[in-house]
Amino acid sequence: MQVAAQCDTSTNVPFNERDALWPNYSPPQDLIFTHGSGTELYTDRGETYIDFLSGIAVTAFGHAHPHLLDALSTQSKKLWHVSNVFRIPEAEKLAKRLAAVSFADRIFFANSGTEAIEASIKAVRGYQAAIGKPERNRIIGMSDSFHGRTIAAVAASGNPSYVQNFAPTDHGFDHITWGDMASLDAVINEKTAGVIVETVQGEGGIRPLTSQMLNHLRQVCDARGLLLILDEVQCGVGRSGKLFAYETFGIEPDILAAAKGLGGGFPIGACLVSEKVGQHMVVGTHGSTFGGNPLAAAVGNAVLDLVLEPGLLENVLKQANTLRAGLEELVSDCPSVLSKVTGLGLMIGAKCAIPNVELMTALRQSKLLVGRAGDNMIRLLPPLNVSDMHVTQALNILGKEVRRLEQP
Ligand SMILES: *Cc1c(COP(=O)(O)O)cnc(C)c1O
């Protein structure tokens, strides 16, 4: 394809450059970031944006954090990739560290959230087959979930819009309505192998499961010989105010998928499992070319250094409280714009009474970046080390725009 490119002189990027990409995303046309620092993103028109989206919970320590820069550049000069046919000390170290601070005993590294979910699904089916119950291969998910975009992950999600036009859709998943634990017993049968849920639902509308729901799930799984997968791709790695969100609820999963924040912007995913499950994932069961390569694992270790630093999780909870209090005030002052605040830690949803896109766009015009989520929410995912100053600035912008949009 030949294109006569016209350049936007302020960015030197041809406006029609997107013509060669799948049209599956719709970014604002005239906004291109050139660099970032901490919670701020800059355009080369000299504009500064406050980043309360963090690449959808990925840049957990903002942009260009010195410790992460150092880990990446040091490793990049030594070794990028050797393949898992050789030992990778950086990955072994990251796995040991993750196991030491979680329920898990064994970790598989992937490159994305959906790959961590795929590994989780295979771990459930592989376990049931290994203990002599291969007929148990169906997994129960909840409606309105998001587990990624591969064929199995969309089938797991229980969201008709994700599977539409991608038939066949039965890849071994059954569904219950989100949070409807009473219907679980009716859906479980002799073919059920496990259950998959997001500890805090992200894309579907920022909704944490309750302690009661998770305890019920754990009990049912134990009683019926099922494995429990928690999808913490978005809510894990410190975002909830605990290292993993399940710690908030006093239960442990058998399998946990992590990704987004784990690489701080470098692609890495992980499937964490207990020894009961992990002992069966032997040679030949699963693998990845790139997963856990030296570069990704070095950055993952550096992210973990920062998450485990004393005071970091306290900062998550403190800034979350300030943000939620500010948003609650706006809900009561401006009920025709905002109707409620939800979430856990620095994964905060504000349900809109106007179309969420309208508020998101207004905030962006005032240089605050937030995301959208289902159920007409806007989604706040600031870096975990966000400062008082940026929280104050963000609340000022939110206050200004929400009050402006409030019907008199
Ligand atoms: C983002 C996300 C995924 C998919 O992760 P990718 O890296 O986009 O494949 C899976 N589950 C949850 C809860 C997510 O938020």
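Here the structure is shown first, and the text comes after it.
Quantities reported herein were computed from a predicted structural model and do not represent experimental measurements.

Focus on the sheet that holds strand S15 (residues 338–344)
The strands that make up a sheet pair up through hydrogen bonds in the backbone, lying either parallel or antiparallel.
Okay, so step 1: Read across the sheet, 4 strands follow the order S15-S16-S19-S18 without closing on themselves; strand pairing throughout is antiparallel. Among the strands making up the open sheet, the edge pair consists of S15 and strand S18 (371–373). Here the average twist between neighbouring strands, direction ignored, is 30°.
Okay, so step 2: With 6 bridges connecting them, S15 and strand S16 (residues 347–352) associate as antiparallel partners. Looking at the pairing, Lys-340 lines up with Lys-351 of S16.

Thoughts on the layout of surface pockets
Okay, so step 1: There is about 940 Å³ of room inside the second largest pocket.
Okay, so step 2: Going through the elements one at a time, helix H3 (89–100), strand S6 (106–110), helix H4 (113–130) and strand S14 (269–273) are the ones with two or more residues in the lining of the second largest pocket.
Okay, so step 3: Among the elements that take part in the lining of the second largest pocket, H3 stands out by supplying 5 residues, more than any other.
Okay, so step 4: A breakdown of the residues in the lining of the second largest pocket according to their chemical character gives 15 nonpolar, 11 polar and 5 charged.

Focus: the sheet that holds strand S3 (residues 33–37)
Okay, so step 1: Spatially, S3-S4-S5-S17 is the arrangement adopted by the 4 strands of the open sheet, whose pairing is mixed. Two strands in the sheet have a free side with no partner beyond their single neighbour: S3 and strand S17 (368–369).
Okay, so step 2: Two strands pair when backbone bridges link them, and strand S4 (residues 40–43) and strand S5 (residues 48–51) are joined in this way by 3 bridges, in the antiparallel orientation. Looking across to S5, one finds that Glu-40 is bridged to Ile-50.
Okay, so step 3: Together, S4, S5 and S17 form the strand contacts of helix H13 (residues 388–405), whose direction differs from that of S5 by roughly 100°.

So, the site of the ligand
Okay, so step 1: Close contacts around the ligand come from Ser-112, Gly-113, Thr-114, Phe-146, His-147, Gly-148, Glu-198, Asp-231, Val-233, Gln-234 and Lys-260, and that covers them all.
Okay, so step 2: Within the backbone of Thr-114, an N or O atom sits 2.8 Å from an oxygen atom of the ligand.
Okay, so step 3: Side-chain polar atom of Gln-234 to an oxygen atom of the ligand: 2.8 Å apart, as the coordinates give it.
Okay, so step 4: Contact with the protein chains covers 83% of the free accessible surface of the ligand, which is 380 Å².

Some points on the environment of Glu-406
Okay, so step 1: In this fold, Glu-406 is placed in the segment after H13.
Okay, so step 2: Distance in space between the C-alpha atoms of Glu-406 and Val-337 is 5.7 Å, their sequence separation being 69 residues.
Okay, so step 3: Leave out the neighbours within four places in its chain, and Glu-406 touches Asp-333, Cys-334, Pro-335, Ser-336 and Val-337.
Okay, so step 4: In terms of polar contacts, Glu-406 uses its side chain to reach the side chain of Ser-336, at 2.7 Å.

Examining the pattern of salt bridges
A side chain with one charge may pair with a side chain of the opposite charge, provided their charged atoms come close.
Okay, so step 1: As enumerated under the stated definition, the model contains 17 salt bridges in all.
Okay, so step 2: In this structure, Glu-92 engages Arg-87 in a salt bridge whose closest nitrogen and oxygen atoms are separated by 2.9 Å.
Okay, so step 3: Across the pair Arg-97 and Asp-305 runs a salt bridge, and its minimum N-O distance is 2.7 Å. Taken together, the positions of Arg-97 in helix H3 and Asp-305 in helix H10 (residues 294–307) put the pair 208 residues apart, joining distant regions of the chain.
Okay, so step 4: Its relative accessible area of 30% is what places Asp-305 among the partly exposed residues.

Observations regarding empty space enclosed by the protein
Okay, so step 1: On inspection of all chains with the given rule, the structure shows 1 cavity of 30 Å³ or more.
Okay, so step 2: Here the largest cavity is characterised by a volume of approximately 30 Å³.
Okay, so step 3: Lining the largest cavity, in full, are Ala-57, Ala-60, Gln-234, Gly-236, Val-237, Arg-239, Gly-261 and Leu-384.
Okay, so step 4: Tallied by class, the residues present in the lining of the largest cavity amount to 4 nonpolar, 3 polar and 1 charged.

Calculation notes
Residues numbered from 1 in each chain as written. Predicted model: local features only at pLDDT ≥ 70, side-chain atom pairs only at ≥ 80, totals over all residues. Heavy atoms only, no water. Pairing = 2+ DSSP bridges. Helix = DSSP H or I, 4+ residues; strand = E, 2+ residues; numbered from the N terminus. Axes fitted to C-alpha atoms, helices over the stretch in contact; angles between N-to-C directions. 1 Å grid on protein atoms, 1.4 Å probe; cavity = no way out; pocket = protein on both sides within 12 Å on 5 of 7 lines; lining within 4 Å. Points joined across faces, edges and corners; volume = space filled by probe spheres on them. Nonpolar A, V, L, I, M, F, W, Y, C, P; charged D, E, K, R; others polar. Contact = heavy atoms within 4.5 Å. Near = heavy atom within 4 Å. Polar contact = N/O pair within 3.5 Å; in protein donor to acceptor, adjacent residues only side chain to side chain. Areas by Shrake-Rupley, 256 points an atom, 1.4 Å probe, with all protein chains shown as cover. Salt bridge = Lys/Arg side-chain N within 4 Å of Asp/Glu carboxyl O. Buried < 20%, exposed > 50% of the residue type's maximum accessible area, 1.4 Å probe, protein only.

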